[in-house]
Amino acid sequence: MNLQTKISGYADPALHAHGLYIGGRWNKGSGIPVRDPSTGHVLAEVADASVDDALRAVDAAEAAAPGWKATPPRQRSEILRRWFRLLSAHAEELATLISLENGKALADARGEMAYAAEFFRWYAEEATRIPGEYRHTPSGSHSILVDHEPIGISVLITPWNFPAAMATRKIGPALAAGCTVILKPASETPLTAYAMARLGEEAGVPAGVVNVLTTTNPGGVTNAMLADPRVRKLSFTGSTGIGRVLLAEAAKTVVSCSMELGGNAPFLVFDDADLDAALDGAMVAKMRNAGEACTAANRFYVQAGIHDAFVQRLTERMAALKIGPGYDPETQCGPMITSKAVQKIDQLVSAAVKDGARVTTGGTPLAGSGYFYPPTVLEGVSVDSAIAHEEIFGPVAPIYRFETEEEVIRLANSTEYGLAAYIFTQDLKRAMRVGKGIETGMLGINRGLLSDPAAPFGGVKQSGLGREGGVTGILEFMEAKYYAVEF
């Protein structure tokens, strides 16, 4: 593959290394190298924001807030619609850019761009459907009028694994609600965020409504913004550990928080499942973005009668995947994001093997440049092994055998997380019965893909607070205001 022929236009990393985007202007700077995980080589450098830069971004968001709040919903809708069209028009270039800085297979990157753009189309429509309420009090003494107003300046913190979709899933509802925002993308994958900011400017987003900054001091920069009384919302996607820290910091100024945190998704396959459908679902739920997803299937519980056949055929499918640079069209499994990520995966697999698991394919980091770990299947995994309780975030499928519904529900719930779960069975009553028993925010029944802009995304327990997407997503960026009206 000749990469140079692929990096024209918005796919070119150098185009998006012109500094912080604050108040509609590009502020020059450098200091953060962005690396290609396939080689470890530096693609570009982006600006490193200071605390002062962050507060300037708050200033810009504050200056733009009254005008954006007063902008009619239809006008906000049209801007989001134009942004959707621009993302769609440049989808191939942006997908290449994602593959370059993130490493994900180009097919996955294309899927992400389609998904990311849909959030702007969905919230372009929701902007004109912000709900209100009017009713009489039971006593008849007065009337109740409820309006929804934008919550205010919102800090949006996004992870590296879906650099486009995690940004649009937050920006879309925030702008539709009438909020101004400061986006802090992960320093590993900031180029996509800056590219989308350029397209937002082209779509007509007013200066200061969307600000983007990158930093090597995320704690200091974020804490400074949360301590500023003008900031009223934090929307964070990332690890549960960092989420706990941010919640404690936000509590100091009582900032409203939406938190999409870690996962440890169980994937249940019953004896009566369609084996081909279960395998198809397993490959999507496990290998989307090479397993670097919070919704990724982390624990495969397969009933005894179908267990051996499932292990054999999943092993065959995983072993057949082509490994390579994400931007190579033939690649099916790209690199992990960093060498540290590879080390963590390898430690979990090694510990599982020490605890009695058997590797049926993969199981060893690949030599050479780049951060590669092969698709791996483990059988006979102990439920006490660390891999059963920690988020793998990689292309590893640990398989556990179970006998009864009661047993597998107990195993599925034996985690502090509750983001996603998957059930494969041809008995719909069983699927609903087991689904009700699993502590989770989202459930896939006979399908391995959950995410949809029209559906509420989020978890229970320590997987988060609030929901993104769907008709409820916009309300995360609004406050209900009650008027007691005397007639």
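Residues numbered from 1 in each chain as written. Predicted model: local features only at pLDDT ≥ 70, side-chain atom pairs only at ≥ 80, totals over all residues. Heavy atoms only, no water.

If you check an unreviewed UniProt entry, the protein chain appears there as Succinate-semialdehyde dehydrogenase from Aureimonas altamirensis. For the protein chain, the Sequence similarities (unreviewed entry) comment in UniProt is given as "Belongs to the aldehyde dehydrogenase family." (UniProt positions renumbered as here; feature names shortened; annotations may be inferred.)

(A) View of unusual backbone geometry. The residue valine 254 is not glycine, and still its phi comes out positive at about 50°. Locating valine 254 in the fold gives a position in the loop between α8 (240-251) and β11 (256-260). (Helix = DSSP H or I, 4+ residues; strand = E, 2+ residues; numbered from the N terminus.)

(B) How the structure looks around the side chain of glutamine 303. With respect to the helices and strands, glutamine 303 occurs in strand β13 (residues 297-303). Looking at glutamine 303, its side chain comes within polar contact range of the main-chain nitrogen of aspartate 271, at 2.8 Å. Glutamine 303 has contacts with Val269, Phe270, Asp271, Phe402 and Glu403, leaving out every residue within four places of it along the chain. (Polar contact = N/O pair within 3.5 Å; in protein donor to acceptor, adjacent residues only side chain to side chain. Contact = heavy atoms within 4.5 Å.)

(C) Summary view of the domain arrangement of the protein chain. Here the protein chain is partitioned into domain 1 (3-261 + 463-485) and domain 2 (265-445). Measuring from the centre of the C-alpha atoms in domain 1 to the corresponding centre in domain 2 gives 31 Å. Residue-level contacts link 28 residues of domain 1 with 27 residues of domain 2. Between domain 1 and domain 2, a total of about 2200 Å² is buried, with carbon and sulfur atoms accounting for 59% of that surface. Together, Ser38, Trp160 and Ser463 form the three largest contributors to the area buried by domain 1 at its contact with domain 2, with a combined 25%. Counting across the interface, domain 1 meets domain 2 through one salt bridge. (Domains from an automatic or database assignment. Buried area = accessible area lost by both parts, 1.4 Å probe. Salt bridge = Lys/Arg side-chain N within 4 Å of Asp/Glu carboxyl O.)

(D) The sheet that holds strand β5 (residues 133-136), seen in detail. Taken in spatial order, the three strands make up an open sheet running β5-β6-β20, and their pairing is antiparallel. Because the sheet does not close on itself, it has two edges, and the strands there are β5 and β20 (478-485). Mean inter-strand twist for the sheet, computed between neighbouring axes without regard to direction, equals 20°. (Pairing = 2+ DSSP bridges. Axes fitted to C-alpha atoms, helices over the stretch in contact; angles between N-to-C directions.)

(E) Region of interest: the UniProt feature "domain: Aldehyde dehydrogenase" (unreviewed entry) in the protein chain. Residues given the UniProt feature "domain: Aldehyde dehydrogenase" (unreviewed entry) here are residues 29-481. As a span, residues 29-481 carries 40% helix and 20% strand, and end to end its C-alpha atoms are 42 Å apart.

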